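# Report on the structure
As a plain string of letters, each chain reads:
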Amino acid sequence: MRRVMFVLLLGTGPVTAQGTPQTISDPWPGSAVLTRLFVLSAGRADRDQLIRTLDLTVAQVRELQRLASSERAYAQAARPLNPAAARGLNVKLAAMNAEKDRKVRRLLGSDYAVFRAWVRNWWQAQVRRAQS
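Predicted model, so just to flag it, every value in this text is computed and none were measured.

Basis of the calculations
Residues numbered from 1 in each chain as written. Predicted model: local features only at pLDDT ≥ 70, side-chain atom pairs only at ≥ 80, totals over all residues. Heavy atoms only, no water. Helix = DSSP H or I, 4+ residues; strand = E, 2+ residues; numbered from the N terminus. Buried < 20%, exposed > 50% of the residue type's maximum accessible area, 1.4 Å probe, protein only. Contact = heavy atoms within 4.5 Å. Areas by Shrake-Rupley, 256 points an atom, 1.4 Å probe, with all protein chains shown as cover. Core = buried A, V, L, I, M, F, W, Y, C linked by side-chain atoms within 4.5 Å. pLDDT = per-residue confidence, 0-100. Axes fitted to C-alpha atoms, helices over the stretch in contact; angles between N-to-C directions. Parallel < 35°, antiparallel > 145°, perpendicular 65-115°, else oblique. Left-handed = near helix turned anticlockwise from the far one by under 90°. Nonpolar A, V, L, I, M, F, W, Y, C, P; charged D, E, K, R; others polar.

### Digging into the overall build of the protein chain
Looking only at helices and strands, the protein chain has six helices and zero strands in total. Order of helices (α) and strands (β) in the protein chain, N terminus to C terminus: α-α-α-α-α-α. When the 132 residues of the protein chain are sorted by exposure, 39% land in the buried category. Expressed as a percentage of contacts within the protein chain between residues at least 6 apart in sequence, the contacts between residues at least 24 apart total 68%. Looking at the protein chain as shown, the accessible area adds up to about 7500 Å², and 55% of this sits on carbon and sulfur atoms.

As structure tokens, this is what we get:
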């Protein structure tokens, strides 16, 4: 059960008609990366490592936390849905993910590429841990 919850929290992307998230190999921007890092207590150490790696300012951290709250609200909407509702939610998720990416890209500027590389490496480590 613990692994299932972990994967659900990490893998929130487009939702199937049954309400289950589809797996995405590159987590950004389709998965709840910011929620995992900036909302859940289990991500605290990883968040701190990201902050150190990118040398984020207090203002940048606060904005990432704000975006994480929005991301989490969308992730919580991913529950068992009928096909029409799932399609509608997928459209909203795609728009939210595009806007989240645009805002993070603007927020981090030249550090955006470093952020993306860090997230991909972190994600692979999370998946390996969940599978073992």
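### Here we look at the nonpolar core
Among the nonpolar cores identified, the biggest contains 21 residues, and Trp28, Leu34, Phe38, Val104 and Phe115 are the most heavily contacted of them. Contributions of two or more residues to this core are made by helix H2 (33-38), helix H3 (44-54), helix H4 (58-76), helix H5 (83-108) and helix H6 (112-131). Per element, the largest residue contribution to this core is six residues, and it comes from H6. Sequence-distant contacts of phenylalanine 38, defined by excluding residues within four places in its chain, comprise Arg47, Leu50, Ile51, Val61, Leu64, Gln65 and Ala68.

### Things to note about the confidence of the model for the protein chain
Per-residue confidence for the protein chain gives a mean pLDDT of 82; residues scoring 70 or more make up 78%. The secondary structure element of the protein chain with the lowest average pLDDT is helix H1 (residues 2-10), at 36, and the one with the highest is H3, at 97. Here residues 1-24 is modelled with pLDDT under 50, and outside its nearest four sequence neighbours on either side it reaches 56 contacts, counting other chains as well.

### Section: the packing of H3 against H6
Running from N to C, H3 and H6 cross one another at 155 degrees; their axes reach a closest spacing of 11 Å. By the angle class used here, H3 and H6 are roughly antiparallel. Seen along the crossing, H3 lies across H6 with a hand that is right-handed. Where H3 abuts H6, its residues Asp46, Gln49, Leu50, Thr53 and Leu54 lie against Val114, Phe115, Trp118, Trp122 and Gln126. The residue makeup of the contact of H3 with H6, split by class, is six nonpolar, three polar and one charged.

### Digging into the environment of valine 104
Along the chain, the position of valine 104 falls in helix H5. Sequence separation of valine 104 and glutamine 60 is 44 residues, and the distance between their C-alpha atoms is 9.2 Å. Discounting chain neighbours no more than four positions away, the residues touching valine 104 are Trp28, Leu34, Leu64, Leu67, Tyr112 and Phe115.

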